[in-house]
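A structural walkthrough
Read off the chains here:
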Amino acid sequence: MNLVSILTNAPSPLRLINGVRKAAVTLTRQAVKGAVNYPGMVEQAAAMYADNVLIKYQDRQLTYAGFNGRCNQIARYLKAQGLGSGDVIALYMENRLEYLLYMTAITKTGAVAALINHSQQGKVLTHSINLVSARAVIAGEELLEPLSAVTDSLDYPADVFAVPDPESKSNELISGYVNIEQALRDYSEDNLPEVAQIDADSPCLYIYTSGTTGLPKAAIQRHKKLAGLATGLGMLSGAVTSRDTVYSTLPLYHGTALFFSWLSVFANGATLAIRRKFSASEFWQDVIDYDATVFVYVGELCRYLLNQRESPLDRQHRVHLVTGNGLRPDLWDEFKSRFGIREIREFYGSSEGNLACYNLFNQDKTMGMVLGSYAVVKIDTESEEPVKDSNGHLIRCDKGEPGLLLGRITRVTPFDGYTDEEKNESKVIHDAFRSGDAWFNTGDLVKEQGWRHLQFVDRLGDTYRWKGENVSTGEVEMIVNQYPRIRESIAYGVEIPDTNGRAGMVAVVLEENEQSLDAGGLYQYLKAELPSYAVPVFVRTLNSVSATGTFKYQRNHLKKQGYDKSSFDDSSDEVYVALPGSDSYCPLTDEVFEKLKQGEYRF
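Residues numbered from 1 in each chain as written. Predicted model: local features only at pLDDT ≥ 70, side-chain atom pairs only at ≥ 80, totals over all residues. Heavy atoms only, no water.

Observations regarding the packing of helix α3 (residues 38–48) against helix α5 (residues 97–108)
- Contact geometry of α3 with α5 gives a least axis separation of 8 Å together with a crossing angle of 115 degrees. Touching Y38, P39, V42 and E43 of α3 are M103, T104, T107 and K108, all from α5. (Axes fitted to C-alpha atoms, helices over the stretch in contact; angles between N-to-C directions. Helix = DSSP H or I, 4+ residues; strand = E, 2+ residues; numbered from the N terminus. Contact = heavy atoms within 4.5 Å.)

Laid out in structure tokens, this is it:
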């Protein structure tokens, strides 16, 4: 089925939309059915685009053939260490060229690569490694210190292989760890014959997601999904060609960067340029230096760029397309106009989900057209549970009405779930519209815009989004509750003017002998135990915590009050805030509150 012919010959908008939807489903089926496994896809691309540059990183670059050869070396070394099919190898490294090499090499052995968030440390890092029973950890030299701090807490003794950091100023060998770069030099760069035997339906990667509650969960990414995504993105969008360089500053452990930057380049022999960490002030210079024509974003990144002073660099680039998610509708027009962007291909999806949207038609202020079977249903705003009619079925929302987004679970759009099977059932709604059906609960509120297009509204439940990351309230509460001077806590997200998503806020009850919040000590503790984006911006002190009859915190009431002390039920409650650049929580005075309302702080 040819998309071009559909677009050309469609006699009406409705038939056009339905034609593209059917084409997308057909292409998805074909891609999944005919997909090789992920490392096989890499080998195919290396044969087709051998001399094309695949990766640019700082002053280094690798061709498709060079990348594949290096991956083969690493994979052969890992197999020589007894690692392979059935094993899980955790990858804990910051964004750099080696990340993609080692991730792909792990999959060439038949093992599963567990992509650990490089911001994790302490108890959360321990949990993530233990969760997947990792037999080995491949760690960047830059992260050996936080890894060493949790080694004694791991349930499973794991071999640790250290990857030297080319940016390290130390010339000494990594002491106490196997320097894998030195150890693999004598291994062949030839393709491994075993790759052809890897089942496309078997797990390839574990991508961690906060889900809706608790500590991070490992979402299963199968080989056929990765290979199918690369194929489907190339066929559906047609926007990235071998002449394009895609620039991404997003963390490679994150599905947005992995799927829509890394996988998108393979379909047509394009190039990926990556950066260690995002820098708003250096962003456009990087784009120009790499001669990038496309970049991948999350909404927060776009806001940071708009907050920079205007510069001639804003339009001295060749970027014609950006793709990502979370660009606020109120920033959309300004972003396109200031930076001269012709196309914004917003998309929607999740690592564990079975539903995707893509802005195929370059429409403004939409997360795109739904490519699978979906429903937007009414919810009770207090309980945040779906509303049922007299027959016990869910009720679909009208156009423009916010509702819960569901994705129908079918053979073509399965729900692969998490490594912890007990967590899976909570994400599935059975008998939603008729007996026997099953739907994936995205946990997201959206609005129908018409013609199968949706607009994002908010997250539901116990997860909020801040700085482009989903933050689990359960994870934050677990860490806060272990601080010696705090008895109980409730975490939630609150809105700050002129920011994307919701900033973290935690309401705490102090231990009986504590008279006031240890503002400095708590802040330093949370910085050490949580990723930076998960450290609460606000802290509210409570005399007691209200809970429902089923012992659920009345989080919604606190969320509505936010950090506005005039709305509090108890005037003795205090609020503290971690202002940008500070190293402690400070009292939220009336003056600071007014500046927050005016958007004077850059979070």
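Topic: the environment of S279
- Structurally, the position occupied by S279 is in the loop between β11 (271–274) and α11 (283–289).
- A C-alpha to C-alpha distance of 9.2 Å links S279 and L305, two positions 26 residues apart in sequence.

Things to note about the pattern of salt bridges
- In total, this model carries 26 salt bridges according to the counting rule given.
- Of the charged contacts in the structure, one is a salt bridge between R96 and E142, with a shortest N-O distance of 2.9 Å. You can see R96 sitting in the loop between β3 (88–92) and α5 and its partner E142 sitting in the loop between β5 (136–140) and α7 (144–150), a full 46 residues away along the chain.
- The class of R96 is buried, set by a relative accessible area of 0%.
- Taken together, the salt bridges that share partners define one network made up of R60, R96, E98 and E142. (Salt bridge = Lys/Arg side-chain N within 4 Å of Asp/Glu carboxyl O. Buried < 20%, exposed > 50% of the residue type's maximum accessible area, 1.4 Å probe, protein only.)

A closer look at unusual backbone geometry
- The phi dihedral of D431 falls on the positive side, at around 55 degrees, and the residue is not glycine.
- Here D431 lies in the loop between β19 (428–430) and β20 (438–450).
- Judged by its relative accessible area of 38%, D431 is partly exposed.

Overview of the packing of aromatic side chains
- One pass over the full model with this rule turns up 26 aromatic pairs.
- Judged by centre distance (6.3 Å) and plane angle (25 degrees), the rings of F260 and Y358 are stacked. One end of the pair, F260, is in helix α10 (residues 255–266); the other, Y358, is in strand β15 (residues 357–358), and 98 residues separate them in sequence. Like Y358, F260 is buried.
- Look at F278 and Y304: their rings are 6.0 Å apart centre to centre, the planes differ by 25 degrees, and that puts the pair in the stacked class. Of this pair, F278 sits in the loop between β11 and α11 while Y304 sits in helix α12 (residues 299–307), and the two are 26 residues apart along the sequence. (Phe/Tyr/Trp six-rings, centres within 6.5 Å; stacked < 30°, edge-to-face > 60°.)

A few points about the nonpolar core
- Counting residues in each nonpolar core, the largest one holds 143 residues, and the members touching the most others are M103, W262 and F538.
- When near neighbours in sequence (up to four residues on either side) are disregarded, W262 contacts Y38, L54, I55, F67, L100, M103, T104, A257 and L272.
- Ranked by size, the runner-up nonpolar core spans 24 residues in total, among them V137, L144, L147 and I220. (Core = buried A, V, L, I, M, F, W, Y, C linked by side-chain atoms within 4.5 Å.)

Examining the environment of P39
- Structurally, P39 can be placed in helix α3.
- A C-alpha to C-alpha distance of 8.4 Å links P39 and H223, two positions 184 residues apart in sequence.
- Sequence-distant contacts of P39, that is, excluding residues within four places in its chain, are made with T107, K108, V195, I198 and H223.

Observations concerning the side chain of T249
- Mapped onto the elements of the fold, T249 is located in the loop between β10 (245–248) and α10.
- Residue classification places T249 among the buried residues on the basis of a relative accessible area of 7%.

A word on the sheet that holds β5
- If you walk across this open sheet you meet the 7 strands as β7-β6-β5-β3-β4-β8-β9, and the pairing is mixed. This sheet does not close on itself; its edge strands, each paired only once, are β7 (178–179) and β9 (217–222). (Pairing = 2+ DSSP bridges.)

Overview of the confidence of the model for the protein
- A residue-level look at the protein finds 90% of positions with pLDDT of 70 or above and a mean pLDDT of 87.
- In this model, residues 1–11 is a region of pLDDT below 50 whose contacts with residues beyond four sequence positions or in other chains number 18 contacts.
- Contacts for the low-pLDDT stretch residues 27–34, under 50 throughout, to residues beyond four places or in other chains number 10 contacts. (pLDDT = per-residue confidence, 0-100.)

A closer look at the packing of helix α4 (residues 64–80) against α5
- Viewed as axis vectors pointing N to C, α4 and α5 meet at an angle of 55 degrees, and their least axial separation amounts to 8 Å. Overall, the two elements α4 and α5 adopt an arrangement that is oblique. In this structure, α4 crosses over α5, and the sense of that crossing is right-handed. In contact with F67, N68, R70, C71, N72, I74, A75 and L78 of α4, α5 contributes L100, L101, Y102, T104, A105, I106 and K108.
- In terms of residue class, the contact of α4 with α5 is built from 10 nonpolar, 3 polar and 2 charged. (Parallel < 35°, antiparallel > 145°, perpendicular 65-115°, else oblique. Left-handed = near helix turned anticlockwise from the far one by under 90°. Nonpolar A, V, L, I, M, F, W, Y, C, P; charged D, E, K, R; others polar.)

Description of the environment of V387
- Tracing the sequence through the fold places V387 in the loop between β17 (374–377) and β18 (403–408).
- Separated by 10 residues in sequence, V387 and V377 place their C-alpha atoms 7.7 Å apart.
- Other than its neighbours up to four places away in sequence, V387 contacts K378, I379, D380, H393, L394 and I395.

Here we look at the pairing of β9
- Where burial is concerned, most of β9 is hidden: 6 out of the 6 residues are buried.
- Burial along β9 is two-sided: K217, A219 and Q221 facing one way and A218, I220 and R222 facing the other are all buried.
- Here strand β8 (residues 203–209) runs beside β9; their pairing, made up of 6 bridges, is antiparallel. The residue of β9 that forms the bridge with T209 is K217.

Side note on the side chain of H118
- By the element assignment, H118 lies in the loop between β4 (112–115) and α6 (122–131).
- With residues up to four places along the chain from it excluded, the contact list for H118 reads Y92, M93, E94, N95, L143, P251 and Y253.

Here's the deal with the pairing of strand β1 (residues 53–57)
- The buried fraction of β1 amounts to 4 of the 5 residues, a majority that puts the element mostly inside the structure.
- As judged from the 4 bridges shared by β1 and strand β2 (residues 60–63), these two strands associate in the antiparallel manner. Residue pairing for β2: K56 is matched across the bridge by Q61.
- Once β1 ends, the chain turns through 2 residues before running back antiparallel as β2, passing Q58 with a positive phi of about 55 degrees.
- The pairing of β1 with β11 spans 3 bridges and is classified as parallel. By the bridge assignment for β11, I55 is matched with L272.

Here we look at helix α15 (residues 519–529)
- Three or more residues of α15 are buried, namely A519, L522, Y523, Y525, L526 and E529. Burial along α15 is one-sided: seen end-on, the buried residues are contained in an arc of 165 degrees.
- As for α15, its buried residues are in contact with α6, α14 (473–481), β24 (486–494), β26 (538–542) and β27 (575–577). (Arc of directions from axis to C-beta.)

Side note on the sheet that holds β24
- Strand order in the open sheet made by the 5 strands is β24-β25-β26-β27-β28, with mixed pairing throughout. At either end of the open sheet lies a strand with only one pairing partner, and these are β24 and β28 (586–587).
- As judged from the 5 bridges shared by strand β25 (residues 503–510) and β26, these two strands associate in the parallel manner. Residue V509 lies in a different strand from β26, and its bridge partner there is L542.

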